[in-house]
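# An overview of the molecular structure
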Amino acid sequence: MTSDKKPVLALFYCQNTHASGEDERQALEQKYGDSLKLFPIPCSGRLEPLHLLKALEDFADAGYVITCPEGACRYFEGNLRAKKRVERTREMIKSIGLEEERIGFLINSKEGPKPLTDLADEIMDRLANLPPSPVLGPSVQGRATGSRQRSKGDKV
Amino acid sequence: MITAEQKPIEEIREMIAPYKRILVAGCGSCVAECAAGGEKETGMLASTLRMAAKMDGKDVVIQEKTLDRQCVNEFVIQLDESIDQYDAVLSLGCGAGVQAVAEMYPEIPIIPALDTEFLGETMSQGLWIENCLGCGDCMLHYFGGVCPLARCSKQLLNGPCGGSMDGICEVNPEVPCAWQTIIERLENFKALERLEEVYPPKDWSKKQGRGPRKIIREDQQR
Ligand code: SF4
Ligand code: SF4
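The following refers to the structure shown. Everything numeric in this text was worked out from a predicted model, so none of it was measured.

Rules and cut-offs
- Residues numbered from 1 in each chain as written.
- Chains lettered and ligands numbered in written order.
- Predicted model: local features only at pLDDT ≥ 70, side-chain atom pairs only at ≥ 80, totals over all residues.
- Heavy atoms only, no water.
- Helix = DSSP H or I, 4+ residues; strand = E, 2+ residues; numbered from the N terminus.
- Rg over C-alpha atoms; globule rule 2.2 N^0.38 Å.
- Buried < 20%, exposed > 50% of the residue type's maximum accessible area, 1.4 Å probe, protein only.
- Contact = heavy atoms within 4.5 Å.
- Areas by Shrake-Rupley, 256 points an atom, 1.4 Å probe, with all protein chains shown as cover.
- Arc of directions from axis to C-beta.
- Salt bridge = Lys/Arg side-chain N within 4 Å of Asp/Glu carboxyl O.
- Buried area = accessible area lost by both parts, 1.4 Å probe.
- Polar contact = N/O pair within 3.5 Å; in protein donor to acceptor, adjacent residues only side chain to side chain.
- Pairing = 2+ DSSP bridges.

## Re the overall build of chain B
Scanning chain B for helices and strands turns up 7 helices and 7 strands. Along chain B, helices (α) and strands (β) appear in the sequence β-α-β-α-α-β-α-β-α-β-β-β-α-α when read from the amino end. Taken over C-alpha atoms, the radius of gyration comes to 22 Å for chain B, far larger than the 17 Å a tight globule of 222 residues would show. Among the 222 residues that make up chain B, the fraction classed as buried is 37%. The contacts of chain B with a sequence gap of at least 6 include a subset with a gap of at least 24, amounting to 58%. If you sum the accessible surface of chain B, you get close to 12800 Å²; carbon and sulfur atoms cover 50% of it.

## Thoughts on helix α7 (residues 178-188) of chain B
All names here are of chain B. All of the buried residues in α7 are Ala 178, Trp 179, Thr 181, Ile 182 and Leu 186. Viewed along the axis of α7, the buried residues span an arc of 155 degrees, placing them on a single side of the element. The elements touched by buried residues of α7 are α6 (148-151). Just downstream of α7, Lys 190 is the residue with a positive phi angle, here 45 degrees.

## Details of the pattern of salt bridges
Residue and element names in this part refer to chain B. Enumeration according to the criterion identifies 19 salt bridges over all chains in this entry. Notably, a salt bridge pairs Asp 87 with Arg 21, separated by 3.8 Å at the nearest N-O pair. Of this pair, Asp 87 sits in the loop between α4 (73-76) and β4 (88-91) while Arg 21 sits in strand β2 (residues 21-27); the two residues are 66 residues apart in sequence, bridging distant segments of the chain. Of the residues examined, Asp 87 reaches a relative accessible area of 23% and is grouped as partly exposed.

## Some points on the interface of chain A and chain B
At the interface, 17 residues of chain A touch 14 residues of chain B. Summing both sides of the interface, chain A and chain B together bury roughly 1500 Å²; the carbon and sulfur share of this comes to 62%. Between Arg 50 of chain B and Glu 57 of chain A there is a salt bridge, with its nearest N and O atoms 2.5 Å apart. In this assembly, chain A and chain B are joined by 5 residue pairs in polar contact (both at pLDDT 80 or more). For the side of chain A that touches chain B, the secondary structure elements donating two or more residues are α2 (49-58) and α3 (78-95) of chain A.

## Focus on the environment of Ile 83 of chain B
All names here are of chain B. Along the polypeptide, Ile 83 turns up in the loop between α4 and β4. Given a relative accessible area of 3%, Ile 83 falls into the buried group. Residues Ile 83 and Tyr 105, spaced 22 residues apart in sequence, show a C-alpha to C-alpha distance of 8.4 Å. In contact with Ile 83, other than residues within four places in its own chain, are Val 89, Tyr 105 and Ile 108.

## Topic: the pairing of β2 of chain B
All names here are of chain B. For β2, the tally of buried residues reaches 6 of 7 residues, placing the bulk of the element in the interior. Looking at chain direction, β2 and strand β3 (residues 61-67) are connected through 7 bridges and run parallel. If you follow Ile 22 over to β3, its bridge partner there is Ile 62. Bridging between β2 and β4 involves 4 bridges; their strand directions are parallel. Directly across from Leu 23, in β4, lies its bridge partner Val 89.

See below:
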């Protein structure tokens, strides 16, 4: 059984958000290993519900997106769109009885922007008690290292 | 274009419940424009249905394919190569698309994933409005390019009804009074005298009452 297994998070993040470069990414990968799959995107507005759904379908217990602060999107309203798309995705998974909390977003703060590492920690803490996804099923052992996942640095 | 909305997931799941190998078929035309049945929406629905099946421990195959146009045989025929693998098709085409697929493959059940709504216009991103009923005898030139059949709540050809307030329809406060708009348009091109005319009741026989309508263009035929 996977009950003692840490949840796997698919984390999409805007590359323009504060301190979200290669160093932070490597630090996170080292810290969380297979429990965290990082997907940098050029703007959170590029995120589609399908990205989140496919992550849940294929390998993740949860899918989150980190956006720039409101009013601070380089492309004006990418972060507002991301928020709406997250909401839409939540509605879809709810409609099949999957917990809404498996999809979410975190907006970086305008006043005190945090580095990607802190934001990822916050989300990982939030998810610490999330039960394994019923989509992946108890039989999917060691799924985070399975062949279905994307490789690091895959573009979305 | 033709607009549509996705049916609730529960309804879709009920309709596909008897089947084990399902093709989710999108359409890249009108229903893609109104974000109901294009490639993205088809992928989302297929993914959601696969997850639901896994959660229920059901052993089903759900695959997806989006055709450029589901209501044109030349495109529908692209399903030929794979249709035998499925025992049902869940179509995200409009009602015409669903029926075109059903006509081409009468031995396989075709299930509608969308509710087809109306002939409309994309007003702004994420907003579509009905503005034509397809009456078969267009009168837009009389009414300043505003269709009173589609846009006036009372379908008045000799409006306004007198009930509008501040340009808003008295029947539905969410819509502008079509007749107010018609008058403003006619004023713009100094044609207000058209309002003097009395328009006879609409002849609906050009739209309905004789079964499905048909358009035949010999110059377009083989
Ligand atoms: S008059 Fe008829 S064809 Fe013209 S816009 Fe109105 S419903 Fe459509
Ligand atoms: S208020 Fe205007 S749109 Fe509404 S029913 Fe009367 S004439 Fe038609």
